[in-house]
Amino acid sequence: MGTIKAVHIYVHRRLYVTAELELNLKGVKYTFGGHEVFTSGINGGESADPPHLGRFLFRCMQVCRVSNWDELKSSKVLVEINQGRVVAIGDASGSNWFNPTREFEEMDRERSQTEPAFREGTKN
């Protein structure tokens, strides 16, 4: 079980925005999210990318059951660590988990599958 100590939204390389949670797990500081997991630009990321920033913010708030980003601080979450990095957070009951890498890959797959069909439909 970890505690969210801080929440950050910041500009990365002057082109992108990202967000991360700073977690305390048994006295050890970890981060969750950030530029190594995702970046979003003026159109979501690159011109055709899904809105990863919005998804990250929404899912963190959903897991913590808060309605405001500021309320995330001090929330308790379950933490999944893989190779020294936090890869997922879950609510206290363990029934709602958020793994951004997995969810963003799925969003990208869905978008790539629907995009060709959308383009073909607009050519008529």
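Residues numbered from 1 in each chain as written. Predicted model: local features only at pLDDT ≥ 70, side-chain atom pairs only at ≥ 80, totals over all residues. Heavy atoms only, no water.

### Some remarks on the confidence of the model for the protein
Filter applied, for reference: Within a predicted model, pLDDT stands for the predictor's per-residue confidence, ranging from 0 to 100. Counting from the N terminus, the helices are the DSSP runs of H or I reaching at least four residues and the strands are the DSSP runs of E reaching at least two.
Per-residue pLDDT for the protein has a mean of 87; in total, 85% of the residues score no lower than 70. Within the protein, the element-level pLDDT minimum falls on helix 2 (residues 100–122), averaging 75, and the maximum on strand 6 (residues 97–98), averaging 98.

### As for the sheet that holds strand 2 (residues 16–25)
Strands belonging to one sheet form pairs held by backbone hydrogen bonds; the direction of such a pair is parallel or antiparallel. The cut-off we apply is this: Note: two strands are recorded as paired if DSSP finds a minimum of 2 bridges between them.
Read across the sheet, six strands follow the order 3-2-1-4-5-6 without closing on themselves; strand pairing throughout is antiparallel. In this open sheet, the two edge strands, each paired with only one partner strand, are strand 3 (28–33) and strand 6. The sheet contact formed by strand 1 (residues 2–12) and strand 2 spans nine bridges and is antiparallel. Bridge assignment links Ile4 to a residue of strand 2, and that residue is Leu23.

### Describing the packing of aromatic side chains
To keep it simple, the criterion reads: Whether two aromatic rings pair depends on their centres lying within 6.5 Å, for rings of Phe, Tyr and Trp, where Trp uses its six-membered ring; planes under 30 degrees apart make the pair stacked, over 60 edge-to-face, and the rest tilted. Buried residues are those whose accessible area, probed at 1.4 Å on protein chains only, stays under 20% of the maximum for their type, while exposed residues exceed 50% and partly exposed ones sit between those limits.
As enumerated under the stated definition, the model contains six aromatic pairs in all. Ring geometry for Phe38 against Phe56: centres 5.0 Å apart, planes inclined by 35 degrees, an arrangement best described as tilted. You can see Phe38 sitting in the loop between strand 3 and helix 1 (52–64) and its partner Phe56 sitting in helix 1, a full 18 residues away along the chain. There is no split in this pair, since Phe38 and Phe56 are both buried.

### Focus: unusual backbone geometry
Here the phi dihedral of Lys26 falls at roughly 55 degrees; this positive angle occurs in a residue that is not glycine. Counting through the fold element by element, Lys26 comes out in the loop between strand 2 and strand 3.

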